[in-house]
Amino acid sequence: MDGTWRLESYVRDGQATAITGILIMLAGQWSTLYFVPEPQAGGYWGSAESGRYHVKEDLLTFHHEFTFQGGGGKPLLIDLASTAVEACRIVLTAGTLIIHFPSGSMIHCRRHSE
């Protein structure tokens, strides 16, 4: 699980959207930066988040600590003391990671090659 992952697509309500971003997971800490196109608003919605994580079998739990989100017509969200917890089912292979969020959305990732 530890390593760097390229975020490739975001699936919401059955609709897949190509995204640009990265997820870094190392020694129980995670950070992500990604951008989702928002054609209706004429731009991108972006998110930068960080915190702790742990994995037990096929369950990845994100403990959010910092969140910065906004753009694409959405309001700016800055949280320097987040306590959000997301328990996500995952499908992990040597080169891919699919994260199923409690909201029903999914993110497809591919291991980043150096």
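Refer to the structure printed above.
Throughout what follows, the structure given in this document is the object of discussion. (Residues numbered from 1 in each chain as written. Predicted model: local features only at pLDDT ≥ 70, side-chain atom pairs only at ≥ 80, totals over all residues. Heavy atoms only, no water.)

1. Details of the overall build of the chain
Quick reminder of the rule: Each helix corresponds to a stretch of at least 4 residues labelled H or I by DSSP, and each strand to a stretch of at least 2 residues labelled E; elements are numbered beginning at the N terminus. As defined in this context, the radius of gyration uses C-alpha atoms, and a globule is described by 2.2 Å times the residue total to the power 0.38. By the convention used here, residues are in contact when the closest approach between their heavy atoms is within 4.5 Å. Where accessible areas are quoted, they stem from the Shrake-Rupley method and a 1.4 Å probe; at the residue level, only the protein chains shown are allowed to cover. Here Asp and Glu are counted as negative and Lys and Arg as positive; His is not counted, and neither are the chain ends. Charge placement uses NZ in Lys and CZ in Arg. For Asp and Glu, CG and CD serve respectively.
Within the chain, the regular secondary structure consists of 0 helices and 9 strands. Moving toward the C terminus, one meets the helices and strands of the chain in the order β-β-β-β-β-β-β-β-β. In terms of C-alpha radius of gyration, the chain reaches 14 Å, essentially the compact-globule figure of 13 Å for 114 residues. Projected onto its principal axes, the C-alpha positions of the chain cover 40 × 30 × 30 Å. Long-range pairs, those at least 24 residues apart, make up 37% of the contacts in the chain between residues at least 6 apart in sequence. When the accessible surface of the chain is summed, it comes to about 6,700 Å², and 58% of that surface belongs to carbon and sulfur atoms. Of note, the chain has its 8 positive side-chain charges centred 3 Å away from the centre of its 11 negative side-chain charges.

2. Brief notes about the packing of aromatic side chains
Here the distance between the centres and the angle between the planes together describe a pair of aromatic rings. Definition in use: Pairing of aromatic rings covers Phe, Tyr and Trp, the last through its six-membered ring, and needs centres within 6.5 Å; plane angles under 30 degrees mean stacked, over 60 mean edge-to-face, and all others mean tilted. Note on classification: 1.4 Å probe, protein chains only; a residue is buried when its accessible area is under 20% of the maximum for its type, exposed when over 50%, partly exposed between these limits. A ring is considered to have a charge above it if a Lys NZ or an Arg CZ atom is located within 6 Å of its centre and within 35 degrees of its normal.
Counted under the stated rule, the structure contains 3 aromatic pairs. Ring geometry for W30 and F62: centres 4.8 Å apart, planes at 65°, overall edge-to-face. With W30 in strand β3 (residues 29–38) and F62 in strand β5 (residues 59–71), the pair connects residues that are 32 residues apart, well separated along the chain. The exposure class of W30 is buried, given its relative accessible area of 3%. Given the relative accessible area of 4%, F62 is considered buried. Aromatic pair F62 and F101: ring centres 6.4 Å apart, planes at 15°, arrangement stacked. Taken together, the residues span a long stretch of sequence, with F62 in strand β5 and F101 in the loop between β8 (96–100) and β9 (106–111) at a distance of 39 residues. Positioned above the aromatic ring of W45, the side-chain terminus of K74 is 4.8 Å from the ring centre.

3. Describing the nonpolar core
As a rule of thumb, soluble globular proteins bury nonpolar side chains together. This is how it is decided: Nonpolar core, defined: a set of buried Ala, Val, Leu, Ile, Met, Phe, Trp, Tyr and Cys residues in which side-chain atoms within 4.5 Å join the residues together.
Formed by 20 residues in total, the largest nonpolar core has its most connected members in L23, M25, F62 and I99. Broken down by secondary-structure element, the contributors of at least two residues to this core are β1 (3–12), β2 (15–26), β3, β4 (43–56), β5, β7 (85–92), β8 and β9.

4. Topic: the side chain of H63
As a reminder, the rule being used: The term polar contact refers here to a pair of N or O atoms within 3.5 Å; inside protein, the definition further demands a hydrogen-donor-capable atom paired with an acceptor-capable atom, and it admits residues adjacent in sequence only when both atoms are side-chain atoms.
Among the secondary structure elements, H63 is positioned in strand β5. Engagement of the side chain of H63 in a polar contact is seen with the side chain of H54, the distance being 3.5 Å. For H63, the residues in contact, after removing those within four places along its chain, are W30, S50, G51, R52, H54, A84 and V85.

5. Here's the deal with the state of the cysteines
The criterion, for reference: Note on terminology: pairs of cysteine sulfur atoms within 2.5 Å are recorded as disulfides.
Considering all chains together, one arrives at 0 disulfides under this definition. No disulfide involves C88; its sulfur sits 11 Å from the nearest other cysteine sulfur, which is in C109. Judged by relative accessible area, which is 0%, C88 ranks as buried.

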